[in-house]
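Summary of structural features
Below, each chain spelled out in residue letters.
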Amino acid sequence: MITTAKLDTRQKKWLKKNKHKLGERLENKQEIATPAKYEAPLLWGLLAAALLIWMISLPNKFVSDDIPTILNNAKVGTWSINLLQPWWSFQYLIYAILTNIFGLVPWPLRLTGILFHLTASFILFKIVRRWYSFLAAIIAVALFVVAPTVVEPVVWISGMPYVLGGMLTMFCIFLHLDEKQTLLKQVAEVAFWTLSVISCEKFIFIPVLLLIWDWREKRLGKMGVVLVGLFLMSLLRGIGVISVYTERAAILNNSYYTVAGGIIENPIAKILVPTGNYLWLYFWPKALTLYHSEVDLSRKFVFFFGGIFVLFCLWAWAGTKKIKNFWLWPALFITSLLVTLTPTGMNMMVAERYAYFGYAFLAVMISLTVTDIARKKKQSVALYCLVAVWVLLMAGRTILRIRDWRTADALWFSAEEYSPSSPINHNNLGDAYVNLHNAEKAIEEFTIAIELNPNYADAMHNRASTYMILGEKVKARDGFEEALKTNPNLWMSYLKLAFLDESDNDWNQAIVHANKALEIVDLPVIRRYIELLRQKAGQK
């Protein structure tokens, strides 16, 4: 047994710094021991249980962005790469392979995202286990693998880049923190990092933390070439993001009728509010929604979520003083969010998928804090039981959240309670009521969307289309013309006006409107419709 009673000051300092190398029993005397032979079965058992939970989502349909980018995308089964702009090509390669093998069905794509998530959880275990006890590692995995706040990126096929990029980045971190470096490991790290930044740009600042880690560990010379490769790929990805800034701002403005890129928000509030909200959602995952429209940069949210952020910083400071390498986990949580915290309005204020990677390291912070408290308290069994209950409650909330994503309409109705100020969700609710053959309620929802955003041309078009269903031609025509004044590129509005003209036997005006639609989007179906109109006009 090693004691410190007879050691001098220099020896005590060395022991304090290197005691983890002498075996965990020095630090974990009061911790519940787990025989090594049970570690693998317990880990695989946890991952298998999580897989069963996530498999509930396999019957879910394509929802939201899945519909235009996958279901209605004629090119989804083909793949090509632009070497100058390869971004997202890895994701589309996965789409192409799976749709060619299984057909255009959602379950293989969704299962792939689930397997990426389970793999990320496995790698997280390996990272934590390198320095800490088995209990710390398994608790961290349990708090991450079934967290309800990660349902959005895992279950939503269009959220796959966040899970894929998170998994690849996790593996890069695992390789980088390895004390026994080899050329193969370093080449693999740079290769996986390249795939990570191609898949998702949100993690491009992670190499900064790895640089700080190497500097603290005095191994910059050994890792210099690797760091150059990581920073080079991050730089290229950053340039790629900046190069499409204007184009992305135009897409957001035209598609969502926002002022993205045209405003500068309060930079301090833009850090405090979203970060504090992500922390709040993890510990109280009630208001989970695709559209966090109720959160803004107003004073009440700055104070509330800013207070949570300050508590998080105090927690990080206290943990760093007591637990080895604790600083790394809150740093990874914050760094993974930096790209989304820019004050330009180019990102949603809060989106659960943005915090997917960060939630893994928040789980590590919680597990290390729990195991540290358990070592010092006699009620360690009771504390671990409370954690187990918490994990079960999280799993239950995750199952409920998975059900919200079963169809597009179910998703919109689930967001109704928590996104009452979202014009996008009200527009989507209008579509849902149209599908339910409730035109009156649909018009009500479209009207609310327009009131919330008077420039929302899509909602104007949808309301006008619903008036067409009810046979109210005058209101329908006025609605389409109003939508086109706001957004002259709504080719469907021109086409619907052509339908109204046709119903009034005004063939020439119908041809005019159909030709305007054709000028915006050249579709064979529109060309055939124009030929049909010309035939009818000739018969007249």
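Notes on the structure follow. (Residues numbered from 1 in each chain as written. Predicted model: local features only at pLDDT ≥ 70, side-chain atom pairs only at ≥ 80, totals over all residues. Heavy atoms only, no water.)

**Quick look at the overall build of the chain**
Filter applied, for reference: Per the convention used, a helix needs a DSSP run of H or I reaching at least four residues, while a strand needs a run of E reaching at least two, with both numbered from the N terminus. In this description, contact between two residues means that some pair of their heavy atoms is separated by no more than 4.5 Å. Per-residue and other accessible areas follow the Shrake-Rupley method at a 1.4 Å probe size, with only the shown protein chains counted as cover for residues. His residues and chain termini do not enter the charge count, which takes Lys and Arg as positive and Asp and Glu as negative. By convention, charge coordinates are those of NZ in Lys, CZ in Arg, CG in Asp, or CD in Glu.
In terms of helices and strands, the chain carries 25 helices and 0 strands. Each of the three principal axes of the chain carries a C-alpha extent, and together these read 110 × 45 × 45 Å. Of all intrachain contacts in the chain linking residues separated by at least 6 positions in sequence, the fraction that spans at least 24 positions is 72%. Of the roughly 26,100 Å² that the chain leaves accessible, carbon and sulfur atoms contribute 64%. If you average the places of the 55 positive and of the 41 negative side-chain charges in the chain, the two averages end up 15 Å apart.

**Topic: the nonpolar core**
The line we're drawing: What makes a nonpolar core is a set of buried Ala, Val, Leu, Ile, Met, Phe, Trp, Tyr and Cys residues whose side-chain atoms join them at distances within 4.5 Å. Partly exposed describes any residue whose relative accessible area lies between the buried limit of under 20% and the exposed limit of over 50%, with all areas from a 1.4 Å probe on protein chains only and scaled to the type maximum.
The biggest cluster of nonpolar side chains holds 154 residues, and the ones touching the most others in it are Trp54, Met170, Tyr282, Trp329, Tyr359, Phe361 and Leu362. Contacts of Tyr282, omitting those with residues within four sequence positions, involve Leu143, Ala147, Thr149, Tyr359, Leu362, Ala363, Ile366, Trp390 and Met394.

**What about the packing of helix H20 (residues 439–452) against helix H21 (residues 457–469)?**
What counts here: Where helices are involved, their axes are fitted lines through C-alpha atoms of the stretch in contact, as for all axes, and angles between N-to-C directions lie from 0 to 180°. Note on terminology: angles under 35 degrees are roughly parallel, angles over 145 are roughly antiparallel, angles of 65 to 115 are roughly perpendicular, and the others are oblique. Handedness of a helix crossing follows the sense of rotation of the near helix relative to the far helix, less than a right angle counterclockwise being left-handed and clockwise being right-handed. Residues were grouped as follows: Ala, Val, Leu, Ile, Met, Phe, Trp, Tyr, Cys and Pro as nonpolar; Asp, Glu, Lys and Arg as charged; and all remaining residues, including Gly, as polar.
At their nearest, the axes of H20 and H21 sit 9 Å apart, and the two run at 160 degrees to each other. Considered as vectors, H20 and H21 are oriented roughly antiparallel to each other. The two elements H20 and H21 meet at a crossing, and its hand is left-handed. Taken together, the residues of H21 that come into contact with H20 (itself represented by Ala439, Ala442, Ile443, Phe446, Thr447, Ala449 and Ile450) are Ala459, Met460, Asn462, Arg463, Thr466 and Tyr467. Its residues assigned to classes, the contact of H20 with H21 comprises 9 nonpolar, 3 polar and 1 charged.

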